[in-house]
Amino acid sequence: EALDSINAIISAYGEKNIKFLQKLTAPDLSKEIVENLFFKKADLSFVIKIVRIKDSSVIVDLNWEGKWWMKNAGKLENSGVASLVLNKETMILSTIDGDNPFIVPASMY
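Throughout this document, residue positions are counted from 1 along each chain, in the order its sequence is written. For this predicted model, a pLDDT threshold of at least 70 governs which residues receive local features, and a threshold of 80 or more governs which side-chain atom pairs are given and counted, while totals over whole chains, interfaces and linings are taken from all residues. Each side-chain value is derived from all of the structure's non-hydrogen atoms; neither hydrogens nor water enter the calculation.

1. Here we look at the packing of aromatic side chains
Here's step 1: The aromatic pairing rule takes the rings of Phe, Tyr and Trp, using the six-membered ring of Trp, and pairs them if the centres are within 6.5 Å, calling planes under 30 degrees apart stacked, those over 60 edge-to-face and the rest tilted. In total, this model carries four aromatic pairs according to the counting rule given.
Here's step 2: Here Tyr13 and Phe39 contribute two aromatic rings whose centre-to-centre distance is 5.1 Å and whose plane-to-plane angle is 45°, an arrangement assigned as tilted. Of the two residues, Tyr13 is situated in helix H1 (residues 2-15) and Phe39 in the loop between helix H3 (27-34) and strand S1 (41-54); the sequence distance between them amounts to 26 residues. Across this residue pair, the class does not change: Tyr13 and Phe39 are buried. For helices the rule is a DSSP run of H or I covering at least 4 residues; for strands it is a run of E covering at least 2, with both sets numbered from the N terminus onward. Exposure categories follow from relative accessible area, calculated using a 1.4 Å probe and restricted to protein chains: below 20% of the type maximum is buried, above 50% is exposed, and the middle band is partly exposed.

Laid out in structure tokens, this is it:
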């Protein structure tokens, strides 16, 4: 279920589907993600390393790579390591520890 939820978030992010992102993520996180939907196109890929279940959370540790195509800045690339923390009951993404894959990297001019 956690992986299905993460895949749905990735799809909603790429499609800039704000309502679906708000449904799948906690309010503070949702706001941060929606504020970063200014790309023309995005492509994220995740490599899951481990899934841990703790108390009321499911924690998915992963490596990610992202490419963002911007209207004026061309293509930006970034990669990182993150732990996505989901609520065990709702599978809503509550926090991201580490490098947030849903943030467009700053372009270098």
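2. Describing the nonpolar core
Here's step 1: Among buried residues, those of type Ala, Val, Leu, Ile, Met, Phe, Trp, Tyr and Cys that are joined through side-chain atoms within 4.5 Å constitute a nonpolar core. Tyr13, Phe39, Phe46, Trp68, Leu84, Leu93 and Phe102 are the most contacted members of the largest nonpolar core, which has 30 residues in total.
Here's step 2: With near-sequence residues (within four places) excluded, Phe102 lies in contact with Ile9, Tyr13, Ile33, Asn36, Leu44, Phe46, Leu93 and Ile96. Here, residues are in contact when the closest pair of their heavy atoms is within 4.5 Å.

3. Here's the deal with the sheet that holds S1
Here's step 1: Strands sit in the order S1-S2-S3-S4 across an open sheet of four strands; the sheet is antiparallel. Each edge of the open sheet is held by one strand with a lone partner, namely S1 and strand S4 (93-98). Within this sheet the neighbouring strands show an average axis-to-axis angle of 30°, counted without direction.
Here's step 2: DSSP-based pairing: two strands are paired if at least 2 bridges between them are found. Across 13 bridges, S1 lies against strand S2 (residues 57-70) in antiparallel orientation. Looking across to S2, one finds that Lys41 is bridged to Trp69.
Here's step 3: All axes are obtained by fitting lines to C-alpha atoms, using only the stretch in contact for helices, and the reported angles, taken between N-to-C directions, cover 0 to 180 degrees. Across the sheet, H1 touches S1, S2, strand S3 (74-87) and S4, and the angle it forms with S1 is around 160°.

4. As for the side chain of Ser30
Here's step 1: Here Ser30 shows up in helix H3.
Here's step 2: By relative accessible area, which is 4% here, Ser30 ends up buried.
Here's step 3: Once residues within four sequence positions are removed from consideration, Ser30 is found in contact with Leu21, Gln22 and Thr25.

5. Here we look at H1
Here's step 1: Here the expected length of a helix is defined as 1.5 Å per residue gap, with one fewer gap than residues. Spanning 14 residues, H1 covers 20 Å between terminal C-alpha atoms, matching the ideal 20 Å at 1.5 Å per step.
Here's step 2: Of the surrounding elements, those touching the buried residues of H1 are helix H2 (18-24), H3, S1, S2, S3 and S4.
Here's step 3: Two residues or fewer past H1, Lys16 is found with a positive phi of approximately 55°.

6. Observations concerning the side chain of Thr25
Here's step 1: Structurally, Thr25 can be placed in the loop between H2 and H3.
Here's step 2: What qualifies as a polar contact is a pair of N or O atoms within 3.5 Å, subject to a donor-acceptor requirement within protein and to the restriction that residues adjacent in sequence count only when both atoms come from side chains. A polar atom in the side chain of Thr25 sits 2.6 Å from the backbone oxygen of Leu21.
Here's step 3: Here Thr25 is in contact with Ile9, Ser30, Ile33, Ile92 and Leu93, once residues within four sequence places are set aside.

7. Looking at unusual backbone geometry
Here's step 1: One non-glycine residue, Asp55, lies in the positive phi region at around 40°.
Here's step 2: With respect to the element layout, Asp55 can be found in the loop between S1 and S2.
Here's step 3: On the basis of relative accessible area, Asp55 is assigned to the exposed category, the value being 74%.
Here's step 4: You will see that Met91, though not glycine, has its phi angle at about 60°, which is positive.
Here's step 5: Note on placement: Met91 falls in the loop between S3 and S4.
Here's step 6: Overall, Met91 belongs to the buried group, its relative accessible area being 10%.

Note that all results are geometric; they support no functional claim without further evidence.
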